[in-house]
Amino acid sequence: MFRFFSLIHRLAIFFTMVAAAMVLGLGMLFLVPTERHFLELDRITLQDKQHLIENIVVNTNSIDDIPSRLRESLNNHHGLSVIVKNAKGDVLFKTEGFQPPATLGQR
């Protein structure tokens, strides 16, 4: 099939194929570490929120104050859904509109 093309056309096709393979390879080379980086940033952010909630629960004088303190602290964290339960499984705080995923097991 390639014998019908001139040498210049064959070289142009070869160059295009090599360039496309290089671009796709470099794209994959950067895509994987970038995705890992953003997952790590998400994990760090969620750990930060977890530590914030733990500090509020531990340092609150009364169980009745926990919902108001958590609501005040988490008010500006849009898109964050939280449910806080005590050791018995009673809900101490739940963000408005919280819908737990069906795939998570009970703790």
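Please read these numbers as outputs of a predicted model, since none were measured by experiment.

A. A look at the pattern of salt bridges. For the coordinates displayed, the defined rule picks out two salt bridges. For Arg-43, the salt bridge goes to Glu-40, with nearest N and O atoms at 2.4 Å. With a gap of three residues between them, Arg-43 and Glu-40 both fall in helix α1 (residues 7-59), about one helical turn apart. With its nearest N and O atoms 3.6 Å apart, the salt bridge here joins Lys-49 to Asp-48. Judged by relative accessible area, which is 15%, Lys-49 ranks as buried.

B. Local environment of the environment of Ser-62. Turning to its location among the elements, Ser-62 is positioned in the loop between α1 and α2 (66-74). Taking C-alpha positions, Ser-62 is 24 Å from His-77, a pair spaced 15 residues apart along the chain. Reaching out from Ser-62, the side chain makes a polar contact with the backbone nitrogen of Asp-64 at a distance of 3.1 Å.

Criteria and cut-off values
- Residues numbered from 1 in each chain as written.
- Predicted model: local features only at pLDDT ≥ 70, side-chain atom pairs only at ≥ 80, totals over all residues.
- Heavy atoms only, no water.
- Salt bridge = Lys/Arg side-chain N within 4 Å of Asp/Glu carboxyl O.
- Helix = DSSP H or I, 4+ residues; strand = E, 2+ residues; numbered from the N terminus.
- Buried < 20%, exposed > 50% of the residue type's maximum accessible area, 1.4 Å probe, protein only.
- Polar contact = N/O pair within 3.5 Å; in protein donor to acceptor, adjacent residues only side chain to side chain.

So far we have only geometry, and geometry alone does not tell us how the molecule works.
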